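Structure at a glance
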Amino acid sequence: MTATASQRYLSTRGGSSGLSFEEVVLKGLANDGGLFIPEEIPSLPSDWRETWNTLEFSELAHRILSLYISLEEIPSDHLREILQRSYSTFREVNVTPLHTLDATQNLHLLELFHGPTFAFKDVALQFLGNLFEYFLVRRNDCKEGSQRHHLTVVGATSGDTGSAAIYGLRGKKDVSVFILHPAGRVSPIQEAQMTTVLDSNVHNLAVEGTFDDCQDMVKALFADEDINKTHKLGAVNSINWARILAQITYYFHAYFDLIRLPTFDPEKSKLRFVVPTGNFGDILAGYFAKRMGLPVDRLYIATNENDILDRFFQNGLYEKQTPNPTEPTIGLQIDGAKADPSGVRETLSPAMDILVSSNFERLLFMLSSLTKTSNKRQSDVDAAADVKKWQADLKSSGSFSVPDIVLTLAKETFSSGRVSDPETLATIKTFHSPPAATPGLEPYVLDPHSAVGIAVALRSMTEPDGQPPITHTISLATAHPAKFAGAVRLALQDVEGFDFDKDVLPTEFVGLEKKERRVRFVGAHEGLQGMRRIIREEVENEKVVENV
Ligand SMILES: *Cc1c(COP(=O)(O)O)cnc(C)c1O
């Protein structure tokens, strides 16, 4: 029983192939700078509709993930146990419930924010944390002291990734986690979420500078021979394949919830997903689900004013654009936001503020390979050559263009839409206080990211082939509104009787800001050398704490 092609992995830049799941999870990024994807997309068992239909979330995840992970690597009952543990931390038994927002329009929200940090990244990072621990503990069987493998996870965050990584990795054996955030530039709730975790293996570093400075520091550490000699560094950003993989489950789960609704007609109904998008990790999982055989008619990319993907879908040009720094932005009015003239625009949906989308490389590789006419292996080699050239162009000139045939293929599956901050605010307001003439609409408080998705969903529903009731539209709700208090308050400030603490704030957040914190300030003067020293010191201290 050897691994199938869908359980072996290659790099999108052609430098490696035949890698195991464990190798790609622990490595994160390929040596050639590419991203890992499976050599083939698995197809579903012929009876998947009947046999998967009623499975609970973690069991459904088990069926899907087993197609991508060889039993030789993780025995079936171990994988099941890891998944059960990962999703037992969610507040909803259903893990990712489907909520019908507008029954007359067949508009649904897939709520992905019922995990420990109230954002969709928990679905992947609760699993990734347990997976890291599983691999390390296995490698460390019967090993003692300095013989033990130890993983030092290092990541930069502007908010959501960092807290989800911390909650995924807290207390895990043989793993330390360092999360760098720009001091004073993350929202108070997110800062409190991260820094009130007191486990000895969690290290919050408040770095003097911007998010880009944090990210540059992380890149410098990964490239640094000195630290790599003593510490094995691990990555948790959305380039990690395990994160994409774990996210495939909720597309299937939502489908099964949908087809149980009386309004769904198995003969006639169509299905679209709308995904608020930044680094393209969430929606890429939807693309895998579709390629595996889930009947999805279209995937909608919803971007904010950082719209590189929306522009790409207009003409096939992928171009980094620095926003006009003199143009006022609403995002700057809220807590934690600071103008960052070098890079992205600060919007009301900060988790989608990106200049380029790292996971888009995976899609381009797969599409390019599909356009080739040779056998699969040769098509992949040629696609990797395309990707390498495009990435080199992006680096040297800030843009690249794909051939028409690739763009056409992309458009067969994807559409896109861009949503401005004023539209985001208007959408939050509309769904909180629906006009009286909309009988199917239930009042709902959207977070700004989910609102970007809903704004695009509403537009898509006016297209000839997207209209209700034939078409069901599922828009992904990626965060709880309480996480983005600034934007929600701004949207609803004029609404009579609205009370954020009463109407939005979950009990878990009450008093969070007053809890004990652990965070270390890192001055700009520290540089790479200082950061190395800090990491070594902190990991050393952990051992002392453990031995007390
Ligand atoms: C990370 C994040 C996104 C963007 O997801 P990608 O996978 O980067 O496209 C959207 N909304 C929220 C709340 C997030 O935390």
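About the cut-offs
- Residues numbered from 1 in each chain as written.
- Predicted model: local features only at pLDDT ≥ 70, side-chain atom pairs only at ≥ 80, totals over all residues.
- Heavy atoms only, no water.
- UniProt positions renumbered as here; feature names shortened; annotations may be inferred.
- Helix = DSSP H or I, 4+ residues; strand = E, 2+ residues; numbered from the N terminus.
- Buried < 20%, exposed > 50% of the residue type's maximum accessible area, 1.4 Å probe, protein only.
- Contact = heavy atoms within 4.5 Å.
- Polar contact = N/O pair within 3.5 Å; in protein donor to acceptor, adjacent residues only side chain to side chain.
- Pairing = 2+ DSSP bridges.
- Axes fitted to C-alpha atoms, helices over the stretch in contact; angles between N-to-C directions.
- Core = buried A, V, L, I, M, F, W, Y, C linked by side-chain atoms within 4.5 Å.

Labelled according to an unreviewed UniProt entry, the protein appears under the name threonine synthase, originating from Gomphillus americanus. The UniProt entry for the protein carries the following text under Pathway (unreviewed entry): "Amino-acid biosynthesis; L-threonine biosynthesis; L-threonine from L-aspartate: step 5/5."

What follows concerns the environment of Ser 415. With respect to the helices and strands, the residue Ser 415 is situated in strand β13 (residues 414-418). We classify Ser 415 as buried; its relative accessible area is 16%. Taking the C-alpha atoms as reference, Ser 415 lies 40 Å from Leu 512; in sequence the two are 97 residues apart. Those residues in contact with Ser 415 that sit more than four places away from it in its chain are Arg 298, Leu 299, Tyr 300 and Ile 301. Only 2.7 Å separates the side chain of Ser 415 from the side chain of Arg 298, close enough to count as a polar contact.

Moving on, we come to helix α18 (residues 485-492). For α18, a buried count of six out of eight residues is recorded, marking the element as mostly surrounded by other parts of the structure. Those residues of α18 not exposed but buried are Ala 485, Ala 487, Val 488, Leu 490, Ala 491 and Leu 492.

Our focus in this paragraph is the sheet that holds strand β3 (residues 98-102). One open sheet holds the six strands; their spatial order is β3-β4-β14-β9-β10-β13, and the pairing between them is mixed. Single-partner strands in this sheet number two, and they are β3 and β13. Along the sheet, successive strands turn relative to each other by an average axial angle of 25 degrees, direction set aside. The sheet contact formed by strand β4 (residues 107-111) and strand β14 (residues 471-477) spans five bridges and is parallel. Residue pairing in the sheet places Leu 110 in a bridge with Leu 476 of β14. Along the sheet, helix α12 (residues 308-315) contacts β10 (298-303) and β13; its crossing angle with β13, the most-contacted strand, is approximately 125 degrees.

Time to look at the nonpolar core. Note on soluble globular proteins: their nonpolar side chains tend to be buried together. Phe 21 and Phe 252 are the most contacted members of the largest nonpolar core, which has 112 residues in total. Per-element tally for this core: the top contributor is helix α10 (residues 241-259), with 13 residues. In this structure, Phe 252 is in contact with Leu 44, Trp 48, Trp 52, Leu 60, Ile 64, Ala 289, Met 292 and Leu 294, ignoring residues within four places of it in sequence. Core analysis: the next-biggest nonpolar cluster, separate from the first, contains 41 residues, Val 445, Val 488, Val 495 and Phe 509 among them.

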